[in-house]
Amino acid sequence: MLDSPKSSKSSALSAKDSVKKLKIKEETKAKGSAKGKRKQLGKKDEEVDISMASMGHPEIFPLVFTGKTQEILNCRINEDITEEKPYKLLKKEDIIQDMKTRAAVSDFHPVKKIVLEYPGEELLIVLDSEFKYGQNFYLVATEEAKESFLNPPEAEEEEADTKEGTTEEYVYKPPVRKPWVSLGSEKEIEEESVNESLRKIKYMISRVRREFGSKVKFTDRNASSVKDGYIECTSYQDKNFIIKKLEKDVGAQVIPKVKEMSTQTKWTYPRNAATQYFPREFSDEEKELCLSSEDLKEFIISVFLRVEIALQQNEIMNAFFDDWKALAEDESTFGGKSDAYLKEYQSFTDLHYLKHRTVSCVCWHPTIYGIIAVSVTERLSYEERIAQSGKLLLRKSPILFWSFSDPIHPQLMLECPEDVYCFEFCPSDPNIIAGGCMNGQVVLWDISEYEEKLQNAKTGAGGSKNTAVNMPTFIQAQQSGKEPHFVRYCAVSSIEYGHKTVITDIHWLPDYFEVNRMGIAFENRIGVCVQLITCSPDCSILFWDLRAPKPTIQSSFEKAKEEKAIEAPPDVPTTFKHLDLSWRPLIKANLSKSDTSGDYSPTKISLAEEHFHYRMQDKMQYQIKPEIFGDENPYKQLRVPSAKALKILENIPTNFFVGTEDGEVIYSDWKMERESDSGRLISQKPANKYTIHDGVVRTIQRSPFFKDIILSVGGWNFAIWKEGVTSGPILQSCCSSKRYTVGHWSLSRAGVFFIGREDGNIDIWDLLEKTHEPSQTQNISISMITCIKPWIVSSKQHFLAISDNFGTLHILEISWTLSHPSSNERASVDHYFEREVKHLDYFEKRQEFRAKERRELELETQRKKTRVAGGQKSREQMEEQLNINYADFLDEEKKILTGLGLLKATDRFA
Amino acid sequence: MLSNLLFRIQSQKGVQGIIVVNSEGIPIKSTVDNSTTVQYAGLMHSFIMKARSTVRDIDPQNDLTFLRIRSKKNEIMIAPGKSPSALSIKPPVEIPFSQHVSRPSMAQNLYSLKK
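Since the structure is predicted, the reported quantities are computational estimates derived from the model, not experimental observations. (Residues numbered from 1 in each chain as written. Chains lettered and ligands numbered in written order. Predicted model: local features only at pLDDT ≥ 70, side-chain atom pairs only at ≥ 80, totals over all residues. Heavy atoms only, no water.)

This part covers the overall build of chain B. Scanning chain B from N- to C-terminus turns up three helices and five strands. Seen in sequence order, chain B has helices and strands lined up from the N terminus as α-β-β-α-β-β-β-α. Approximately 6,200 Å² of chain B is accessible, and the part contributed by carbon and sulfur atoms is 57%. (Helix = DSSP H or I, 4+ residues; strand = E, 2+ residues; numbered from the N terminus. Areas by Shrake-Rupley, 256 points an atom, 1.4 Å probe, with all protein chains shown as cover.)

Following this line, the structure appears as structure tokens:
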């Protein structure tokens, strides 16, 4: 359609010609009538203006059709005339009629003349929707142009164009599909094709199941013996294969590939469905029928034996016993030496606080993982100490708290009035620490304020930032400066009533009993540890009570002191302010020597009832107890209960072992006796005393597995004792080349203990492996070992804290073989101890026997000597000899007579 | 006679109970409660079928005679009857199960080695 105006170009020439003719006609007319010449000229000008001659289309006259005109002529835009069909033929008469009726208003007025002169009957009106010629319609003024509009001569033009195109480039023409025309070939194909005409034969071959795969037996047979036993198949030439192939009829046809495809989605209708099933069961009658059937009887009988044998097999011989597993158990006990060593885990030292100082005591924090407390003392001899006494007053040795998370900076430091030689965490509240000073004072600390800090230290050094947020400001300041906080002690005992010399051992009494002034054990109602026992080489063992004494007892002097104590610095916890400087021991027990006047000087003590808090304990345990007292610390409110109300505990042993400065081991009782004449309380005489060690007893400790087995270490040897065996130690080591300085039982293996030596070595003894020498020796340090403390973190991690004389604390990991007992180690160790006790008894008896024998022997030799010395026998001797001989003769005679039955045995006695 | 034999098995040490089922796995006689019987019979039936067909596929002339299942907690012993024909309800299967401590599979290997 768009082509139509273009195509009109081709007919432009002919159109022009016609216009020219038209003009000539007009001119001739104008010449003819001069009258209206002017008018016509003007009109002509108008007409020329209207035509589109300037655009090369003189035959086109643009027109404006108003809505009214469109309606009259039935050529309304978009209704009668559309863009697709922009042509409309109007009858000349209609237009003239329109011009007549509407005169000048008619839209055809400008082209009146053209219309009147138009040779044809119909005029072509074209819609000019694009306003190509300036108006909405245009009129085609000539017949030729009209024809060319209505029947555009496109074909000719296109052909011309294509002709020009082919010369230049090849255009691909896809083959056009044509309908197939049958020429009779299908009949031919049908003839050629092969169709199945015969019916297929079906065979079914079956066989009995049990014959499948079964062995086939072949046997020899004579072919001639049976008729038709032998059939010959001779070869012959098949004539079918002789014919030569001369012609071959082959047909081929190319067909387009055909592919058939289809898709369809099946829509399944969703439905609710349920299935229920129940087991098939027989009714009672059916069951009865089955049970009574012969088949079942047969079956049961046939099967019965098999079942019975199978059932009994398990009882007769257990074929499923795992020998390998049993083997593995034994193997572990022979574990390789390589993994039996202690592995260094961490070591702590401090250049500032530990300079020229030695570690005196080590204690693990009972609840917080990785916290260990170390008390240090000056590394000086007695003379040096006296010489430097002035200087030492200014340098106080603290107790340091180390954490695994920070090997350089101590977490906390406890200020000590004097060098502390021993200390222990309170078993019922790990924030209470009791220590023994060099000057004989007992010190108490309360670190409950810093518990959180220690807890946080445990989480790791990286956590210090977080902890700083929760901390009070003063701790924060210290953390930033990496300066550990000094915790002041909250109470010290009075100097006058306490020990005179250094306190060498301190223990908390267990929380289930307490002792009174007589040393009798009572039940402890509060359930917290309130009493301490200390020992010192000043020949005394003291019992201390943490609770405030009854106010009536207090003298005015003490009251004054107490008032003074209240004015203590504000940062000191007031937990034990009632005790400060006025604290007196509850009991003072002396160990007087039985034979001579004077006392033993104890250095170490071991009670029968002791706390073994070597294990990481559940924190809950500690939290329960304070709840009884509310939020406040229970130790602030302790009062001595009235003694009458308390129940005496009979089964609490009041015996204890003590090691002395001179190497003796003493077994005694702390119960006091009243002296018959004066009525004063005096301590009992020691029950047993043994001198085994050649030096100061450094350790005396009960086995954590057997309450009656005690290890004592001192001088150059160690000994193992059994409570109740009075004849001596059940095991005594030979003297070693180096002095033993400390010992400790293993917490997990009953037969193992560690002994520290002067030269920095650790001897590990395994009583089950060998008892004459340590099972292994390992070097830890270059200086003397001062303290050993094992600790069980978990079943997989056992630590051993070892401190040396230079102030270094080594944390070692105990290897698997040393920390894990074999299957019945405890029983075998117990058995070993029993055996030793028996051996000791036997030894004692033998000794007595030998002594007797020796005495006799001596007598004999003396006799002989006198005989030899005398040369000639004296008269008395001769007579004595004769008497003896006669007595012998009589005896002999009697024997023979009784043997012969001549003399009755009764007669002899008669 | 029949109950006598069953009683003898029941009275063996460690035996918890006996179930007798027919070839289709329908319980005929049981000394344990109903739900347990049904469960054991149903589960064991398919298992025995599988075990039997395994044995027969390996050697068609062979047949399953006894089956013991050792578990961690107990042991199930199964004594199947003659090969079942399609419709017969006769040949029953007996399932005694007894309490025995389990042994690891390694030991079972050892057992077979010992043999």
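Moving on, we get to the overall build of chain A. Helix and strand content of chain A: 23 helices and 37 strands. The 910 residues of chain A split such that 40% are buried. Split by element, the accessible area of chain A, about 57,600 Å² in all, is 53% carbon and sulfur. (Buried < 20%, exposed > 50% of the residue type's maximum accessible area, 1.4 Å probe, protein only.)

Adjacent strands of a sheet pair through backbone hydrogen bonds, lying either parallel or antiparallel. Residues and elements named next belong to chain A. The strand order 1-4-3-2 describes an open sheet built from four strands, whose pairing is antiparallel. Among the strands making up the open sheet, the edge pair consists of strand 1 (60-63) and strand 2 (87-91). Averaged over all pairs of adjacent strands, the angle between their axes in this sheet comes to 30°, without regard to strand direction. For strand 2 and strand 3 (residues 122-127), the ladder comprises five bridges, and the chain directions are antiparallel. Across the sheet, the residue bridging to Tyr87 is Val126, located in strand 3. Together, strand 2 and strand 3 form the strand contacts of helix 5 (residues 92-102), whose direction differs from that of strand 2 by roughly 70°. Sheet contacts for helix 7 (residues 143-150): strand 1, strand 2, strand 3 and strand 4 (137-140); angle to strand 3, the most-contacted strand, approximately 50°. (Pairing = 2+ DSSP bridges. Axes fitted to C-alpha atoms, helices over the stretch in contact; angles between N-to-C directions. Contact = heavy atoms within 4.5 Å.)

All right, on to helix 1 (residues 2-10) of chain B then. All names here are of chain B. When we look at burial in helix 1, the residues that qualify are Leu2, Leu5, Leu6 and Ile9. Taken down its axis, helix 1 places every buried residue within 95° of arc, on the same side. Residues of helix 1 that are exposed and point more than 90 degrees away from the buried face comprise Asn4 and Phe7. (Arc of directions from axis to C-beta.)

It is worth spelling out helix 5 of chain A at this point. Residue and element names in this part refer to chain A. Three or more residues of helix 5 are buried, namely Lys92, Ile95, Asp98, Met99 and Arg102. The buried side chains of helix 5 occupy one side of the element, clustering within an arc of 125° when seen end-on. The exposed set on the far side of helix 5, more than 90 degrees from its buried face, consists of Glu93, Lys100 and Thr101. For helix 5, the elements touching its buried residues are helix 4 (67-72), strand 2, helix 6 (112-117) and strand 3. Immediately downstream of helix 5, the backbone of Ala103 shows phi near 50°, a positive value.

What follows deals with the sheet that holds strand 5 (residues 343-348) of chain A. Residues and elements named next belong to chain A. If you walk across this open sheet you meet the four strands as 5-37-36-35, and the pairing is antiparallel. Only two strands of the sheet have a single partner each, and these edge strands are strand 5 and strand 35 (785-792). Across the sheet, the axes of successive neighbouring strands diverge by a mean angle of 20°, strand direction being ignored. Summarising the sheet, strand 36 (residues 798-804) and strand 37 (residues 809-813) pair through five bridges and their orientation is antiparallel.

Bringing the pairing of strand 35 of chain A into the picture now. All names here are of chain A. With eight of eight residues buried, strand 35 is to be regarded as a mostly interior element. Inspection of the sheet shows strand 35 paired to strand 36 by seven bridges, in the antiparallel sense. Residue pairing for strand 36: Pro790 is matched across the bridge by Leu800. Where strand 35 folds back onto strand 36 in an antiparallel hairpin, the turn is made up of five residues.

The next subject is the pairing of strand 29 (residues 717-722) of chain A. All names here are of chain A. Burial analysis of strand 29 places six of its six residues in the buried class, the great majority of the element. Pairing geometry for strand 28 (residues 709-714) and strand 29, over six bridges, is antiparallel. The residue bridging Ile709 from the neighbouring strand is Lys722, located in strand 29. Following strand 28, the chain reverses through two residues before pairing antiparallel with strand 29; Gly715 in that reversal takes a positive phi of roughly 60°. Here strand 29 runs beside strand 30 (residues 731-732); their pairing, made up of two bridges, is antiparallel. Paired with Ile720 across the bridge in strand 30 is Leu731.

A separate point is the packing of aromatic side chains. Residue and element names in this part refer to chain A. All chains considered together, the criterion is met by 23 aromatic pairs over all chains. Consider the rings of Phe423 and Phe425, whose centres lie 6.5 Å apart with planes at 65°: the pair is edge-to-face. Classification of Phe423 as buried rests on a relative accessible area of 3%. Arranged with centres 4.8 Å apart and planes meeting at 40°, the rings of Phe657 and Tyr667 form a pair that is tilted. (Phe/Tyr/Trp six-rings, centres within 6.5 Å; stacked < 30°, edge-to-face > 60°.)

Here the focus is the pattern of salt bridges. For the coordinates displayed, the defined rule picks out 18 salt bridges over all chains. With its nearest N and O atoms 3.5 Å apart, the salt bridge here joins Asp57(B) to Arg209(A). Note that Asp57(B) is positioned in helix 2 (residues 34-58) and Arg209(A) in the loop between helix 9 (185-192) and helix 10 (284-292), a pairing that runs across two chains. Residues Arg739(A) and Glu758(A) are paired through a salt bridge, measuring 3.1 Å at the closest nitrogen-oxygen approach. Within this pair, whereas Arg739(A) is found in the loop between strand 30 and strand 31 (740-745), its partner Glu758(A) is found in the loop between strand 32 (752-757) and strand 33 (761-766), the two being separated by 19 residues in sequence. Given a relative accessible area of 32%, Arg739(A) falls into the partly exposed group. A network of salt bridges, in which partner residues are shared, links Arg749(A), Asp766(A) and Glu825(A). (Salt bridge = Lys/Arg side-chain N within 4 Å of Asp/Glu carboxyl O.)

Attention now goes to the side chain of His810(A). Residue and element names in this part refer to chain A. Assignment of secondary structure puts His810 in strand 37. A distance of 3.3 Å separates a polar atom in the side chain of His810 from a polar atom in the side chain of Asp804. Among all residues touching His810, those that are not within four sequence positions of it are Glu344, Gln346, Ser347, Ile780, Ser781, Leu800, Ala801, Ile802 and Asp804. (Polar contact = N/O pair within 3.5 Å; in protein donor to acceptor, adjacent residues only side chain to side chain.)

Turning our attention to the nonpolar core. Residue and element names in this part refer to chain A. Counting 23 residues, the largest nonpolar core has Ile399, Phe401, Leu414, Phe423, Ile433, Trp445 and Ile447 as its most contacted members. By residue number, the principal contributor to this core is strand 10 (residues 420-425), which donates three residues. In contact with Phe401, not counting residues within four places along its chain, are His365, Ile371, Ile372, Ala373, Pro410, Gln411, Leu412, Leu414, Phe425, Ile433, Ile447 and Leu454. (Core = buried A, V, L, I, M, F, W, Y, C linked by side-chain atoms within 4.5 Å.)

Note on placement: Thr65(B) falls in the loop between helix 2 and strand 3 (67-70). The spacing of Thr65(B) and Ile78(B) is 13 residues in sequence and 8.7 Å in space, taken between C-alpha atoms. Look past the residues within four positions of Thr65(B) in its chain and what remains in contact with it is Arg306(A), Ile78(B), Ala79(B) and Pro80(B).

Our focus in this paragraph is unusual backbone geometry. Of note in this structure, Cys539(A) is not a glycine but carries a positive phi near 70°. Here Cys539(A) shows up in the loop between strand 18 (531-536) and strand 19 (540-545).

Residues and elements named next belong to chain B. Residues of chain B with pLDDT of at least 70 account for 71%, and the chain-wide mean is 71. At the low end of the mean pLDDT range in chain B sits helix 3 (residues 105-114), at 32; at the high end sits helix 2, at 88. Scored below 50 in pLDDT, residues 84-92 makes 25 contacts in the model with residues more than four places away or belonging to other chains. Confidence over residues 99-115 falls short of pLDDT 50; this stretch has 35 contacts with residues more than four positions distant or in other chains. In the predicted assembly, ipTM is 0.71 and pTM is 0.51. (pLDDT = per-residue confidence, 0-100.)

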